[in-house]
Amino acid sequence: MQDALKFTPHGKHLIAGEWVDGEAKFQSSPAQGPAHSFSVGTVANVDAACEAAEAAFWSYGYSSRADRAAFLNAIADEIEARGEAITEIGCSETGLPAARLEGERGRTTGQLRLFAEHILKGDYLDRRHDAALPDRKPLPRPDIRLIEQPIGPVAVFGASNFPLAFSTAGGDTAAALAAGCPVVVKGHSAHPGTGEIVAEAILAAQKSCGVHPGTFSLIQGGRRDVGTGLVQHPLIKAVGFTGSLAGGRALFDLCAQRPEPIPFFGELGSVNPMFLLPAAVAARGAAIGEGWAGSLTMGAGQFCTNPGIAVVIEGPEADAFVAAAQAALEKVGPQTMLTDGIAQAYRQGRDRVAGTSGVQEVLTSMCDLRSATPYLFATTGDDWLANQALGEEVFGPLGLVVRVKDLEQMRAVAKSVQGQLTCTLHMDDADTEAAQSLMPILQRKAGRILANGYPTGVEVCDAMVHGGPYPASTNFGATSVGTLSIRRFLRPVSYQNIPEAILPEDLR
């Protein structure tokens, strides 16, 4: 077990069960505490990891569900054994509070165990059997069976805003390993030490379970050619990504341009609009405003489900909602952002919104260096509809109120938004008819629709969808959270008149 108080990263890549050093180095940029040196990833590292993953697939891809479940549970055990050390290095690198990282660690181990339970049930295999009909006229029917099979090695890109749950052993990795796919992770340079200690946990689980060492590799940092080389490597069969729209779209295009195109499951951006209906605003507009402020500033607004837009019908009730949100936001002090680059991008987004015609400042503040403070702006439905740039994500605690003339204009605003991870309705019983008129629009726009809540906080469960139409994600039929996410790394195979003795074990 790691010494929880003295963990010092060694800065190497984990490739095929071995820690591999590199000549070029980069320094971490922690929010607090000492910086550490890490090896820069190379295309040669990518090739070695992918070759090892392909070699591992011939055993791991055909392993039993029980063996894979044991491996997933062992990873969770090893992460928990390093819990204090993970929190320590994670807090240092990201500036996130210990309670947040401890909760995220629980989510990470929880989803590993959830996938272990899920694959043991076997429902995900979608087994189907059409028995032979030899006497059918005019032609007999053969015996046909179907089952889902793993696709092969998968590349995963660690996310900046979730150093545990969406990174080294996060949801993409857990789903791929559960499916039977070896994984090559490109670690995020915002938290390389956190990635390293989690990789140590996975390595320990590999050894204890006797899993092929090529089943998991971690390549740290690296220049752009590392990400490019990974998505273009001919042995990689799918990619999981959480990050910016620009970066994700570039990788998506590279996947499509390969001689063998592969699926790119990218979560890219969302403003998660809330639609406030009249009766709810009249009855509890102030409470909704306070709740919005809390969700907007949670984790310095660095959640992909951060509700950046609130659409409300103009009038005194809307004014009370805005006043309550403003008062709550004024009490929020500076928060440390994950990286200097994210903090800079937040300020640029603030300036873009503030400089847009028709936008009024409701609450301004001062933020510099790596800190973020809340901002609140307002515009009209007419100005929103005239300027689609207002619908672009600002990653941080910035809110925009859109005051619309009536329900008809609210529907027009809803139709104008791009694909979203979430859309939220705040409604009372008296708003049912209005909500019914919005639902067909929201169902086309989002992967998850909420009523009377806030989208920050994504439940990891069977029914969750964390994805949506582009640009929320690049594949509207997929989710990156919940057990349904395993489908991204499977493909159906039919077996016609195959003797039972040579059928896959799960079809016999």
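Everything here concerns the structure above.
Residues numbered from 1 in each chain as written. Predicted model: local features only at pLDDT ≥ 70, side-chain atom pairs only at ≥ 80, totals over all residues. Heavy atoms only, no water.

A. Highlighting the packing of aromatic side chains. This structure, assessed with the given rule, holds 13 aromatic pairs. For the pair Phe265 and Phe489, a centre-to-centre distance of 6.0 Å together with 85° between the ring planes defines the contact as edge-to-face. Taken together, the residues Phe265 in strand E11 (residues 264-267) and Phe489 in the loop between strand E20 (446-451) and strand E21 (490-496) connect sequence positions 224 residues apart. The aromatic ring of Phe162 is capped on one face by Arg100, whose charged end is 4.8 Å from the ring centroid. (Phe/Tyr/Trp six-rings, centres within 6.5 Å; stacked < 30°, edge-to-face > 60°. Helix = DSSP H or I, 4+ residues; strand = E, 2+ residues; numbered from the N terminus. Lys NZ or Arg CZ within 6 Å of the ring centre and 35° of its normal.)

B. Here's a closer look at the sheet that holds E21. In spatial order, the strands read E5-E6-E21; together these three strands make up an open sheet with antiparallel pairing. Edge positions in the open sheet fall to strand E5 (128-130) and E21, since each of these has one partner strand only. Strand-to-strand twist across the sheet, computed as the mean angle between neighbouring axes with direction ignored, equals 25°. Here E5 runs beside strand E6 (residues 144-150); their pairing, made up of three bridges, is antiparallel. Bridge pairing in E6 places His129 opposite Arg145. (Pairing = 2+ DSSP bridges. Axes fitted to C-alpha atoms, helices over the stretch in contact; angles between N-to-C directions.)

C. Structural detail: helix H3 (residues 83-94). Taking 1.5 Å of rise per residue, 12 residues should cover 16 Å, and H3 covers 16 Å from first to last C-alpha, within 8% of that figure. In terms of burial, H3 is a largely internal element, 10 of the 12 residues being buried. Listed as buried for H3 are Gly83, Ala85, Ile86, Thr87, Ile89, Gly90, Cys91, Ser92, Glu93 and Thr94. Residues of H3 that are buried in the fold lie against strand E4 (37-39), helix H2 (65-81), helix H4 (98-121), helix H6 (192-209) and strand E14 (335-336). One or two residues past the end of H3 sits Gly95, with phi positive at roughly 80°. (Expected span 1.5 Å × (residues − 1). Buried < 20%, exposed > 50% of the residue type's maximum accessible area, 1.4 Å probe, protein only. Contact = heavy atoms within 4.5 Å.)

D. Looking closely at the sheet that holds strand E13 (residues 309-313). Read across the sheet, seven strands follow the order E15-E17-E18-E13-E12-E19-E20 without closing on themselves; strand pairing throughout is mixed. Looking at strand neighbours, the two that pair on one side only are strand E15 (360-363) and E20, the edges of this open sheet. Adjacent strand axes in the sheet meet at a mean angle of 20° when their direction is disregarded. By the bridge criterion, three bridges tie strand E12 (residues 274-276) to E13 in an arrangement that is parallel. Bridging from a neighbouring strand, Leu276 pairs with Val312 of E13.

E. Spatial organisation of empty space enclosed by the protein. According to the stated counting rule, one finds three cavities of 30 Å³ or more in the structure shown. Space inside the largest cavity adds up to approximately 140 Å³. Here the element with the most residues in the lining of the largest cavity is strand E18 (residues 398-404); it accounts for three residues. Class assignment for the residues of the lining of the largest cavity results in eight nonpolar, seven polar and two charged. (1 Å grid on protein atoms, 1.4 Å probe; cavity = no way out; pocket = protein on both sides within 12 Å on 5 of 7 lines; lining within 4 Å. Points joined across faces, edges and corners; volume = space filled by probe spheres on them. Nonpolar A, V, L, I, M, F, W, Y, C, P; charged D, E, K, R; others polar.)

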